[in-house]
Amino acid sequence: MKIIKQFRKLENIEEISVYNIDDDKIYVPTPQELPVDDVPFPQLISNFHRDVDIFIPYADRKDFLIKRVGDFLLERFNLSLDDVRGRLLSKISPVFYEIFSESLYEVYQTGKSKELRIFYYGENKLSRMAICEVIYEMGRIFLIVDHINSNDGIMGEFNVENHAEDKVNMIEYFSQTGSYRKVGGKYTWTQGIYNIINRPRDEQDDYYNIVFDLAIDEDKELIEEILNIMDTDTTHHEDIIRIRTNDGALKFLEINLYSNFDDDGNLISRYGLINDITKHPEDSTVKPVDFLLNGFKNSEKLALLIEPLNSKHFEFSEGFYNLVEKDPHEYIHSLEIIHYIVENETKDRILKLDKGELDKIDETFTYNVNGDENNQKICELYIERFEFGNSTHSIGFLADITEERIKQMELREANEHQTVLIKEVHHRVKNNLQILNSFLNLEKRAYRNRPEVIIDHMQARLTSLALLHEKTYNTQDFKNINLKDFIKDQDNQLQNLISLKDNIEFESEVDEDLHLTIEVITPLLLIMDELSMNSIKHAFPDKTAPNKKISKTVTKLDDDTAQLIFKDNGTGIEDPEAVTKNLGCEIIKNLTKQLDGKIELIEHENGTAYRLVFPISMRHTIHG
């Protein structure tokens, strides 16, 4: 069994992940240690919608005498209260003692309640989840538990589908926005608000305005005037206020307030949308939306679109403004921009998407910059529209593929076969971006409270795909691509993006005459990315340690097969079986399967090493 504990600061909750529970230690028949009295009002407690476990601190308060266990566990193990009452937790259930004892003792010592979120995993699958609150009252420790199960004992696998709430949280993070709703005197705040004010949730947040209470003294009178206006018959008001967060940061917030009234003019509810528009000195701080795409070599031709169907609260990365050739500080977003699109069919689909008649669009079209037919660009656009709560949201990508299309035309004039090749390669790069999107969906669930991890991983993958994109469009032979050039550039990019700050050295050796097909080189580069990211994250916990190194050696075994030996000189792996079941290794195994290769963990004196055997060529899918 393996237990990993993390404290989620923004949610103010301790998250415990439990892997591969030893069933023999969940319940061990044990003689009663001491007799204990019955719980007062047992019928009342049994009718709670949550389980209530009650413990008495015992043996210098490092162990706990069971007074009561909830119905969930009793029914699961076919037990009665008499089978568990008066037993020590450490003896009757070594598993649950290991999971809960630290939290029970902490609450006993401090007297402060504590929240826990527990995930139970088995064979790479999430089998059960529990939300717990630990309370100390009257010399007793109460563990109040919500148990969440699936129909078949499996809540889901790591490749879970994207959910609307995850998309909303991602949109709010990248666009630096948040919203709240006030109904019946109580507030409901989205996660984006907590990102803006930079603090975790608190149970008292339902009862006061956690943003307006941070206003600087000069703006408190303005806020009072705004709220007085919104309490009358005004349905919408927009303004800018200044707040100072608990850590001392001064922020400028654009607020949009909306009020709903009944027929008699009485206020029913209020909705607020808040956007952090703080200007950083000399633009020294990069927006999250641009930071995500910094790993893409040609990011000026690829744009991330946050809320593109919202003319007011949108957020676009730099690539969008390069494409439309507008100053981002002067640009005003509206549907007028579609008049510069040549194809009427694309215009119609965008309008239908805006009206809610379509859920998504995936278009390739011609764009006249500022209406100039002599300045045309070929673009690809993907926008997805979705509903969450009472709100409509949208997210998408825009890419300038003009140069690729020009090269297609040149090749068509020179050689029809080459034109087919370049189309297929462009389609393959598009498929690679879809793979990237699936990785993002996986990691949003696994690291939903650690966006910096997602960003680091996305940077590395985007860099490799951009490198592949550039080099394949400049080659004339897609069946014999020299690997050494790719590996050298990949090392340089990873060094600059991620590992330089950790003082990690990359060392690579590749056979000079090793040439691979594009079908092989794509998953191979992504596998190297994932192995490198795993080493950077886990192999070197001491950031100040000298001589940290990651090495790659790629050699031909015979005319048909090659091998990659990947090594780091880090701390090594204590539990190889557990490591092979984490999210990063699942991604590596899927890429290895796509490569039709075989990967294994090999012995290495200092650190960790993998051996990947793969074919030099695969069945080529490009036809003339």
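Note that this is a predicted model, so its numbers are computed, not measured. (Residues numbered from 1 in each chain as written. Predicted model: local features only at pLDDT ≥ 70, side-chain atom pairs only at ≥ 80, totals over all residues. Heavy atoms only, no water.)

**Thoughts on the overall build of the chain**
Assigned secondary structure in the chain consists of 18 helices and 25 strands. Counting every position in the chain, which comprises 624 residues, the buried fraction comes to 46%. Intrachain contacts of the chain at a sequence separation of at least 6 include 58% that bridge at least 24 residues. With the model as given, the accessible surface of the chain reaches about 32200 Å², and the carbon-plus-sulfur share is 46%. (Helix = DSSP H or I, 4+ residues; strand = E, 2+ residues; numbered from the N terminus. Buried < 20%, exposed > 50% of the residue type's maximum accessible area, 1.4 Å probe, protein only. Contact = heavy atoms within 4.5 Å. Areas by Shrake-Rupley, 256 points an atom, 1.4 Å probe, with all protein chains shown as cover.)

**Side note on empty space enclosed by the protein**
By the definition in use, this model includes 1 cavity of 30 Å³ or more. Of all the elements in the fold, those that place two or more residues in the lining of the largest cavity are strand E3 (51-58), helix H2 (71-76), helix H4 (89-92), helix H5 (94-110), strand E6 (125-137) and strand E7 (140-149). Split by residue class, the lining of the largest cavity holds 19 nonpolar, 2 polar and 2 charged. (1 Å grid on protein atoms, 1.4 Å probe; cavity = no way out; pocket = protein on both sides within 12 Å on 5 of 7 lines; lining within 4 Å. Points joined across faces, edges and corners; volume = space filled by probe spheres on them. Nonpolar A, V, L, I, M, F, W, Y, C, P; charged D, E, K, R; others polar.)

**Digging into the sheet that holds strand E20 (residues 504-510)**
Strand order in the open sheet made by the 5 strands is E20-E22-E23-E25-E24, with mixed pairing throughout. Edge positions in the sheet fall to E20 and strand E24 (598-602), since each has one partner strand and no second. Across the sheet, the axes of successive neighbouring strands diverge by a mean angle of 15°, strand direction being ignored. Here strand E22 (residues 548-556) runs beside strand E23 (residues 561-568); their pairing, made up of 7 bridges, is antiparallel. Within E23, the position partnered with Val554 by the bridge is Leu564. Here helix H16 (residues 518-538) sits on the sheet in contact with E20, E22, E23 and strand E25 (608-615), set at roughly 15° to E23. (Pairing = 2+ DSSP bridges. Axes fitted to C-alpha atoms, helices over the stretch in contact; angles between N-to-C directions.)

**Concerning the pattern of salt bridges**
The final tally for this structure, using the stated rule, is 17 salt bridges. A salt bridge links Lys549 to Glu507, with the nearest nitrogen and oxygen atoms 3.5 Å apart. One end of the pair, Lys549, is in strand E22; the other, Glu507, is in strand E20, with 42 residues separating them in the sequence. When its relative accessible area of 35% is taken as the criterion, Glu507 is described as partly exposed. Where Arg611 meets Glu600, a salt bridge forms, and the shortest distance between an N and an O atom there is 3.6 Å. Pair noted here: Arg611 is in strand E25 and Glu600 is in strand E24, with a separation of 11 residues, a long-range link. The structure contains a network of salt bridges with shared partners spanning Glu14, Glu106 and Lys114. (Salt bridge = Lys/Arg side-chain N within 4 Å of Asp/Glu carboxyl O.)

**Regarding the sheet that holds strand E11 (residues 236-244)**
Strand order in the open sheet formed by 5 strands is E10-E9-E13-E12-E11, with antiparallel pairing between adjacent strands. Either end of the sheet is taken by a strand with one partner, and the two such strands are strand E10 (186-189) and E11. When the angles between neighbouring strand axes are averaged without regard to direction, this sheet yields 25°.

**Examining a nonpolar patch on the surface**
A contiguous nonpolar patch, built from Ile240, Leu250 and Phe252 and spanning about 240 Å² of accessible area, is present on the exposed surface. Positionally, Leu250 belongs in strand E12 (residues 250-261). Judged by relative accessible area, which is 36%, Leu250 ranks as partly exposed. (Patch = residues over 30% accessible without salt bridge, like charges linked within 9 Å, V, L, I, M, F, W, Y side chains within 5 Å.)

**So, the confidence of the model for the chain**
Scored by pLDDT, the chain comes out at a mean of 79, with 77% of its residues at no less than 70. Counted against residues more than four places away or in other chains, residues 150-163, with its pLDDT under 50, gives 28 contacts. (pLDDT = per-residue confidence, 0-100.)

**Section: H16**
Its 21 residues give H16 an end-to-end C-alpha distance of 31 Å, which sits within 8% of 30 Å, the value for a rise of 1.5 Å per residue. The buried fraction of H16 amounts to 19 of the 21 residues, a majority that puts the element mostly inside the structure. (Expected span 1.5 Å × (residues − 1).)

**Concerning the packing of aromatic side chains**
Aromatic ring pairs are defined here through the distance separating the ring centres and the angle between the ring planes. Under the counting rule described, the total for this entry stands at 14 aromatic pairs. Ring centres of Phe314 and Tyr331 lie 6.2 Å apart, and the angle between their planes is 90°; on these two criteria the pair is classed as edge-to-face. Of this pair, Phe314 sits in the loop between strand E14 (302-306) and strand E15 (315-316) while Tyr331 is found in the loop between helix H10 (318-324) and helix H11 (344-355), placing the two residues 17 residues apart along the sequence. We note that Phe314, like Tyr331, is buried. (Phe/Tyr/Trp six-rings, centres within 6.5 Å; stacked < 30°, edge-to-face > 60°.)

**So, unusual backbone geometry**
Here the phi dihedral of Glu307 falls at roughly 55°; this positive angle occurs in a residue that is not glycine. For Glu307, the location among the structural elements is in the loop between E14 and E15. In this structure, Asn547 is a non-glycine residue whose phi angle is positive, near 60°. Relative to the helices and strands, Asn547 resides in the loop between H16 and E22. Note on Asn547: relative accessible area 66%, which makes it exposed.

**Describing H5**
What sets the pattern is the α-helix's 3.6 residues per turn: residues three or four places apart point alike. Its 17 residues place the ends of H5 24 Å apart at the C-alpha level, agreeing with the 24 Å of an ideal helix rising 1.5 Å per residue. Of all the bends in H5, the greatest, near 50°, is centred on Phe100. Burial in H5 covers these residues: Val95, Phe96, Ile99, Phe100, Ser101, Ser103, Leu104 and Val107. Among the residues trailing H5, Gly111 stands out with phi positive, at a value near 75°. (Bend = angle between axes of the 7 residues up to and from the residue.)

**Overview of the side chain of Lys377**
The residue Lys377 is located in strand E17 (residues 376-388) in this model. Residue Lys377 is classed as buried on the basis of its relative accessible area of 10%. At 3.3 Å, the side chain of Lys377 and the backbone oxygen of Asn322 are in polar contact. Aside from chain neighbours lying at most four places away, what touches Lys377 is Asn322, Leu323, Glu325, Phe365, Thr366, Tyr367, Val369, Asp400 and Thr402. (Polar contact = N/O pair within 3.5 Å; in protein donor to acceptor, adjacent residues only side chain to side chain.)

**A look at the nonpolar core**
With 36 residues, the main nonpolar core has Leu483, Leu516, Leu524, Val554, Leu564 and Phe614 as its most contacted residues. Secondary-structure elements contributing two or more residues to this core are helix H15 (483-499), E20, H16, E22, E23, helix H18 (583-595) and E25. Here this core takes 10 residues from H16, the largest share from any one element. When neighbours within four sequence positions are excluded, Phe614 is seen to be in contact with Leu516, Val520, Leu524, Val554, Asp560, Thr561, Ala562, Gln563, Leu564, Leu595 and Gly597. (Core = buried A, V, L, I, M, F, W, Y, C linked by side-chain atoms within 4.5 Å.)

**Looking at the environment of Asp233**
Relative to the assigned elements, Asp233 resides in the loop between helix H8 (217-230) and E11. Separated by 32 residues in the primary sequence, Asp233 and Gly265 place their C-alpha atoms 6.6 Å from one another.

**A few points about the pairing of strand E18 (residues 391-400)**
Most of E18 is tucked away: 8 of the 10 residues are buried. Summarising the sheet, E14 and E18 pair through 5 bridges and their orientation is antiparallel. Bridging from a neighbouring strand, Leu304 pairs with Phe397 of E18.

**Considering the pairing of E23**
Of all 8 residues in E23, 7 are buried, a share of seventy percent or more. Between E22 and E23, which pair antiparallel in sequence order, lie 4 residues. Pairing analysis gives 8 bridges linking E23 to E25, with the strands arranged antiparallel. Within E25, the residue paired with Thr561 across the bridge is Pro615.

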